[in-house]
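Below are the chains, spelled out letter by letter.
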Amino acid sequence: MKKLLNFLFSMQMMGVLIILFAFSIGTATFIENDFGTPAARALVYDARWFEILLLLLTMNLIANIFRYKLYKREKWSIFLFHASFIVIIVGAGFTRYVGYEGNMHIREGQATNKITTMESFIDVKLEKNGKISGVSEKISLSTVKADDFEERVSIEGSEVDIKLKTFIPNAQTSLVQDMNGAPVIEMVAVGSGGMAGMKNFTLEYNSHQMVENNLLAFGSNPHPNAIVLEYTDSLRMMSPMPMQELSMMGGDAIPMEAKQWHLVSPRKLYDVGGTKLVIKNFYPAAKFKYVQGQDKNAPTLLVFDVKNGNQKKELIVKGKKDYLGQPEISSVGDVNVSIAYGSKIIELPFSLKLNDFQLERYPGSNSPSSFASEVTLIDESKGIEKDYRIYMNNILNHEGYRFFQASYDTDELGTVLSVNHDRVGMTITYFGYFLLILGMAWSLINPYSRFKILGRQSRKVKTLAILAFVMAGSSLGANAQELKVVPLEQARSFGEIMIQDNGGRFEPINTLASEVVRKVTKKGKFKGYPAEQIFLSMVSNPQQWQTVDMIKVGNSDLAKEIGISGKYASFRDFVNEMGQYKLSKKVQDAYSKKPAHRSKYDKEIMAVDERINITYMVFTGEFLKIFPNPNDKMGAWYNPTSEVNAAKDDSLFIKKSVVMLSQALNAGDSKMAETYIEGIKTYQKKFGSEVMPSEAKQKVEILYNNINIFKRLFPYYLLIGFFLLIFLVTHILRPKFPIKWVVGGAMIILGIGFLLHTGGLAARWYIAGRAPWSNGFETMTFIAWGCLLAGFMFAKKSKLALAATAVLAGMFLFVAHLSWMNPEVTNLVPVLKSYWLTIHVAIITSSYAFLALGAILGLINLSLYILQDQKNKAVIAENILDLSRISEMTMTIGLYFLTIGTFLGGIWANESWGRYWGWDPKETWALVSILVYSFVLHMRFIPGLKSIYAFNIASIWSYSAILMTYFGVNYYLAGLHSYAKGDPVPIPTWVYYTVAILFALSILAYFNYKKYNYEPETEEA
């Protein structure tokens, strides 16, 4: 027993449990993608074995806290953040077993205190002699695994057994052959009206059907003048009037006498008094059965066996997740049995009344920009009647219940609020987050921590922890020659005009043009022309540009539906012959769904709809909000199509200036065009100077757009980083090789690049008025900056670290400028307008930079192992040891940032939609990454994995978890964070080559490591 306990609470067991936990939840994300969320929950997240795994992890953690005496004063910082995980798991337990979620649906003018649960239940009620008994049990159903349901309920001396026999998701009826069934005919009738009168129907044995004025009967004959079909050993038909048999392939008709039996067979046409009959299929023995269909909105069908003494009956119940269950009632013996499947109603101690549901749309569009519910809270027990406004990131909190804006009715007269009740679990979990952050921050400055010990063992690192915190704080159709484009000089001058965008931000048209072209075409330029020229050309000549294939359509199925062959469509391609918008119904359907229920196809529909709306607003001039309102300088600016309330001359100028500018440009009169542009600028300064950004800010924004600093920097980072790596490795192999001037020059160039990079981020922050890490482009540029900063932090220790981070920074900036990235400076959507999000993204993307540095240092160390020989083994071993210490320190910082950032993301999610953890694929893979790096940093405690070689191998391969979290989830898994469309894209070929190369390096390095290195294994505290 002692040996068993020692094994269960050993670090080896801890490593096994961590890897098993990571593997389990990672696998669950693929199960969810292929079989749906219920399957992932049934097999993994809600499974009993998963709870046991978490319990074992917690017990192992507690045991090792005592084993390594983390409660000692010098280890308090380590104790705090390890103990925080125990607190977080306890909080998660309360959330899982005590808290609950639901939905509240309210129509305008109505009040309710009822919510429907998110979980599904089987509710059984029995009635006998006026007495009622029953049972209610939560159940999870999926196509791969279903909970068992088997209950015995007693009532008035009767014992009733109810057992769930089977269930059919998305149930629909289908005719299947069954030896115990009866004959069935599937027929098609074409009446005198031709194809318009075509009728498909099914005739079961001893049933009949009216076909125009004729009665068609199968088996029994309800009328002497009916057309009768009969089956004994063959199928026969008799008619009171003459018939004809016609071949489906043509040919002469075969007459069939009246009131006589004639053999008939499928796939032949029979003409009976002008009514044509075709027997599609004939089943000698068949039954109608429920089968699983493709309609995701179809109900789930549950089949129960109900037994009362000797009486037994099968009860079929229909229901659906997130909908109230409708009971099926039947008598079994002397007991009335009622069974329902679906959500339950929970009554709250207070009510909400919906006064008004407000849906705001983008100008000139049906696409929603935001929605909110104006409600009144009515709590009679406390004498409260108070108005609230609920919208994204603005919740109603009362008596432990938290209400979030989730969805709305398609007629826009009702709202759906998600409701969360988890006061105890949330409080405990938040306290755990606090201990986590405190413990990790303290461990970076605690002189007894592993991090500080590594720093003292390193030769030159002195101020790393302080710099790390500084970083954390700072984190807070036509060919080109056929297009008629305006002159570049006028386009640039027009680009200096200020404009008010749809979110109310004032920016130069230069910025708007770049955003429009990038958004619509997914490219920075179009047909080789700068964005300013394209934008002004679209404004001045909309008729021509409506026929230009410039709207990106990334989904091949959608492209076929709108009738295009490539990836670009013109504006007119989306309008049919009747002048109707082809995507209207699809857009409405997509937006009416809850965000979590939208498919990848829905998201592509919404993205294309947005591009169409943008081009429409450019063509109509609605984007051109360039005229201040002289009567209300703080209000919305006018565009040329607005209802203008201004002096006659001003009104005329607003209405005509853009038209006259367009005419001048189309006529080739550049001088007159410049006059109109200057006139608009003068008008803006006269009436809008108080709300416009300063001239300095305008110039910074235009300069930022034109310089495009991040795109210019990445080739320099890559080039200098690669050359510096080559020189440094050569110096290690040949110590006399002079590199001082190379290193000095490279550091100066990289330092200048880093300053320019910092300036670019600062300019973007200054321009946007918010932290520059709200989308993929911004996070990639920020990670690149973080990589280079980490390189300079470790440059005194090893110049290889700087070279490696330069290459990484260049790679991140390269990825940031791929066509699918979105570099626009935009206002945030409502759900992203949260300071928790700003902190979450900043910290978690910083972690990627530090962990990437660990991976690249591991790769360098593998290369050094391969270059090791008898002469240089001591020098190389010393460099590998130093780089490994740096790598462990960077991974420690990276893991701290990753962990803190992930759990702060949980706080953001809890404040935005009412749950801090929902096993969404993105957050799940973030947790996988945390577990993977936790294992790597604890490998030194595990026999057989303590070597420096094993650590460096792990530092490289572990970064694949980060790549899966950042990229893979978006393209291969469904979830709230994903944005891919259609089926998952194929894995790029270069990925296989990269894996093969890394595998080969690992093997070659291993042989040299075994040959020239010896490391005695010792256990560390």
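Residues numbered from 1 in each chain as written. Predicted model: local features only at pLDDT ≥ 70, side-chain atom pairs only at ≥ 80, totals over all residues. Heavy atoms only, no water.

K.L.:
I'd like to hear about the overall build of the chain, residue by residue, with values.
P.N.:
On a plain count of helices and strands, the chain comes out with 28 helices and 31 strands. By the burial criterion, 51% of the 1021 residues in the chain qualify as buried. Surface accessibility of the chain: about 48,400 Å² in total, with carbon and sulfur atoms responsible for 58%. (Helix = DSSP H or I, 4+ residues; strand = E, 2+ residues; numbered from the N terminus. Buried < 20%, exposed > 50% of the residue type's maximum accessible area, 1.4 Å probe, protein only. Areas by Shrake-Rupley, 256 points an atom, 1.4 Å probe, with all protein chains shown as cover.)

K.L.:
I'd love a proper account of a nonpolar patch on the surface, names of residues and values included.
P.N.:
Together, Trp957, Val995, Phe999, Ile1003, Tyr1006 and Phe1007 make up an exposed nonpolar region whose accessible area comes to about 580 Å². Top element by residues in the nonpolar patch is helix H28 (residues 989-1012). It accounts for five residues. With respect to the helices and strands, Tyr1006 occurs in helix H28. On the basis of relative accessibility, which here comes to 35%, the residue Tyr1006 falls in the partly exposed class. (Patch = residues over 30% accessible without salt bridge, like charges linked within 9 Å, V, L, I, M, F, W, Y side chains within 5 Å. Salt bridge = Lys/Arg side-chain N within 4 Å of Asp/Glu carboxyl O.)

K.L.:
Residue-level account of unusual backbone geometry, with values.
P.N.:
The phi torsion at Asn129 lies on the positive side, around 55°, for a residue other than glycine. Turning to its location among the elements, Asn129 is positioned in the loop between strand E3 (120-128) and strand E4 (131-139). Relative accessible area serves as the criterion here: at 62%, Asn129 is assigned to the exposed category. Backbone geometry places Glu399, a non-glycine residue, at a positive phi of 55°. Following the sequence through the fold, Glu399 ends up in the loop between strand E25 (396-398) and strand E26 (401-408). What makes Glu399 partly exposed here is its relative accessible area of 38%.

K.L.:
Any details on the pairing of E4? Residues and values, ideally.
P.N.:
Two strands pair when backbone bridges link them, and E3 and E4 are joined in this way by nine bridges, in the antiparallel orientation. Its bridge partner lying in E4, Leu126 is registered against Ser133. Between the end of E3 and the start of E4, which pair antiparallel, lie two residues, with Asn129 showing a positive phi angle near 55°. (Pairing = 2+ DSSP bridges.)

K.L.:
Can you break down the packing of aromatic side chains residue by residue, with the values?
P.N.:
Summed over all chains, the structure comprises 38 aromatic pairs. Centroid distance Phe526 to Trp545: 6.4 Å. Interplanar angle 55°. Geometry classified as tilted. Remark: Trp545 occurs in helix H12 (residues 542-545) and Phe526 occurs in the loop between helix H10 (509-521) and helix H11 (531-540); sequence separation between them is 19 residues. Note on Phe526: relative accessible area 6%, which makes it buried. (Phe/Tyr/Trp six-rings, centres within 6.5 Å; stacked < 30°, edge-to-face > 60°.)

K.L.:
Requested: an account of the sheet that holds strand E20 (residues 328-332), with residues and values cited.
P.N.:
The strand order across the open sheet built from four strands is E4-E3-E21-E20, with neighbouring strands paired in antiparallel fashion. Edge positions in the sheet fall to E4 and E20, since each has one partner strand and no second. Mean inter-strand twist for the sheet, computed between neighbouring axes without regard to direction, equals 20°. With seven bridges connecting them, E3 and strand E21 (residues 335-342) associate as antiparallel partners. From the neighbouring strand, Leu126 faces E21, where its bridge partner is Val337. (Axes fitted to C-alpha atoms, helices over the stretch in contact; angles between N-to-C directions.)

K.L.:
Outline the sheet that holds strand E16 (residues 269-272), supporting the account with residue identities and numerical values.
P.N.:
The strand order E8-E7-E17-E16-E13-E14 describes an open sheet built from six strands, whose pairing is antiparallel. Because the sheet does not close on itself, it has two edges, and the strands there are strand E8 (198-204) and strand E14 (254-256). On average, adjacent strands in this sheet sit at an angle of 35° to one another, irrespective of strand direction. Judged from the four bridges that link them, strand E13 (residues 243-246) and E16 form a sheet pairing that is antiparallel. The residue of E16 that forms the bridge with Gln244 is Asp271.

K.L.:
Can you lay out the pairing of strand E11 (residues 227-231) for me, pointing to particular residues and giving the numbers?
P.N.:
Counted residue by residue, E11 has four buried out of five residues, so it is predominantly covered. Where strand E10 (residues 214-218) meets E11, three bridges bridge the pair, whose relative direction is parallel. Among the inter-strand pairings, Ala217 is bridged to a residue of E11, identified as Val228. Sheet topology places E11 next to strand E12 (residues 235-238); four bridges connect them, and they run antiparallel. Looking across to E12, one finds that Tyr231 is bridged to Leu235. Where E11 folds back onto E12 in an antiparallel hairpin, the turn is made up of three residues.

K.L.:
I'd like a rundown of the environment of Thr275, residues and numbers included.
P.N.:
Here Thr275 is to be found in strand E17 (residues 275-292). For Thr275, the contacting residues outside a window of four places in its chain are Val190, Val211, Glu212, Asn214 and Tyr270. There is a polar contact of 3.4 Å between the side chain of Thr275 and the side chain of Asn214. (Contact = heavy atoms within 4.5 Å. Polar contact = N/O pair within 3.5 Å; in protein donor to acceptor, adjacent residues only side chain to side chain.)

K.L.:
Could you give an account of the confidence of the model for the chain, with specific residues and numbers?
P.N.:
Mean pLDDT over the chain works out to 81, with 87% of the residues at or above the 70 mark. Segment residues 459-481: pLDDT under 50, and 49 contacts once partners within four positions in sequence are set aside and those in other chains are kept. Between residues 975-985, whose pLDDT stays under 50, and residues either more than four places distant or in other chains, the model counts 31 contacts. (pLDDT = per-residue confidence, 0-100.)

K.L.:
Give me the lowdown on the pattern of salt bridges, citing residues and values where you can.
P.N.:
For the structure shown, the criterion picks out 22 salt bridges. Ionic pairing is found between Asp46 and Arg96, a salt bridge with its closest N-O pair at 3.6 Å. In this pair, Asp46 sits in the loop between helix H3 (37-45) and helix H4 (48-67) while Arg96 sits in helix H5 (residues 76-97), placing the two residues 50 residues apart along the sequence. The closest approach of N and O atoms between Asp409 and Arg107, which form a salt bridge, is 2.8 Å. Here Arg107 lies in strand E1 (residues 100-107) and Asp409 lies in the loop between E26 and strand E27 (414-421), a separation of 302 residues in the sequence. By relative accessible area, Arg107 is classed as partly exposed at 26%. Ionic contacts of the salt-bridge type, sharing partners, join the residues Arg41, Asp46, Arg48, Glu51 and Arg96 into one network.

K.L.:
Describe the nonpolar core, with residues and values.
P.N.:
Of all hydrophobic cores here, the largest spans 141 residues; its most connected members are Phe21, Ile25, Phe812 and Tyr959. Residue contacts for Phe812: discarding those within four places in its chain leaves Met780, Ile783, Ala784, Cys787, Ala852 and Tyr959. The next biggest cluster of nonpolar side chains, apart from the first, holds 76 residues, and it includes Phe526, Val539, Met550 and Ile612. (Core = buried A, V, L, I, M, F, W, Y, C linked by side-chain atoms within 4.5 Å.)

K.L.:
Account for the packing of helix H14 (residues 584-592) against helix H15 (residues 600-620), with residues named and values stated.
P.N.:
Interaxial distance between H14 and H15 falls to 9 Å at its minimum, and their mutual angle equals 120°. Of the possible angle classes, the one that applies to H14 and H15 is oblique. Considering how the two elements wind past one another, H14 and H15 form a crossing that is left-handed. Across from Lys586, Val587, Ala590 and Tyr591 in H14, the residues of H15 making contact are Tyr601, Asp602, Ile605, Met606 and Asp609. (Parallel < 35°, antiparallel > 145°, perpendicular 65-115°, else oblique. Left-handed = near helix turned anticlockwise from the far one by under 90°.)

K.L.:
Can you break down H10 residue by residue, with the values?
P.N.:
Compared with an ideal rise of 1.5 Å per residue, which puts 13 residues at 18 Å, H10 spans 18 Å between its outermost C-alpha atoms and is within 8% of the ideal. For H10, the tally of buried residues reaches 12 of 13 residues, placing the bulk of the element in the interior. Buried within H10 are the following residues: Ile509, Asn510, Thr511, Leu512, Ala513, Glu515, Val516, Val517, Arg518, Lys519, Val520 and Thr521. Positioned one or two residues after H10, Lys522 has a phi angle of 65°, which is positive. (Expected span 1.5 Å × (residues − 1).)

K.L.:
Describe the packing of H11 against H15, naming the residues involved and giving the relevant values.
P.N.:
The N-to-C vectors of H11 and H15 enclose an angle of 60°; their axes lie 7 Å apart at closest approach. Counted together, Phe535, Met538 and Val539 of H11 and Thr615, Val618 and Phe619 of H15 form the full contact between these two elements. Counted by class, the contact of H11 with H15 contains five nonpolar, one polar and no charged residues. (Nonpolar A, V, L, I, M, F, W, Y, C, P; charged D, E, K, R; others polar.)

K.L.:
Any details on the side chain of Glu701? Residues and values, ideally.
P.N.:
As for its position among the elements, Glu701 is in helix H18 (residues 695-707). Engagement of the side chain of Glu701 in a polar contact is seen with the side chain of Thr511, the distance being 2.6 Å.

K.L.:
Before we move on, could you go through the environment of Ser584 and cite the residues and values that matter?
P.N.:
Structurally, Ser584 can be placed in helix H14. Separated by 25 residues in the primary sequence, Ser584 and Asp609 place their C-alpha atoms 8.8 Å from one another.

K.L.:
Which residues make up the environment of Asp589, and what values go with them?
P.N.:
Looking at the element boundaries, Asp589 is found in helix H14. Considering only alpha carbons, one finds Asp589 and Ile605, 16 residues apart in sequence, at a separation of 9.8 Å.

K.L.:
Let's hear about the side chain of Ser847: which residues, and what values?
P.N.:
Inspection of the secondary structure assignment puts Ser847 in helix H23 (residues 835-867). Setting aside chain neighbours within four positions, we find Ser847 in contact with Gly894, Phe897 and Leu898.

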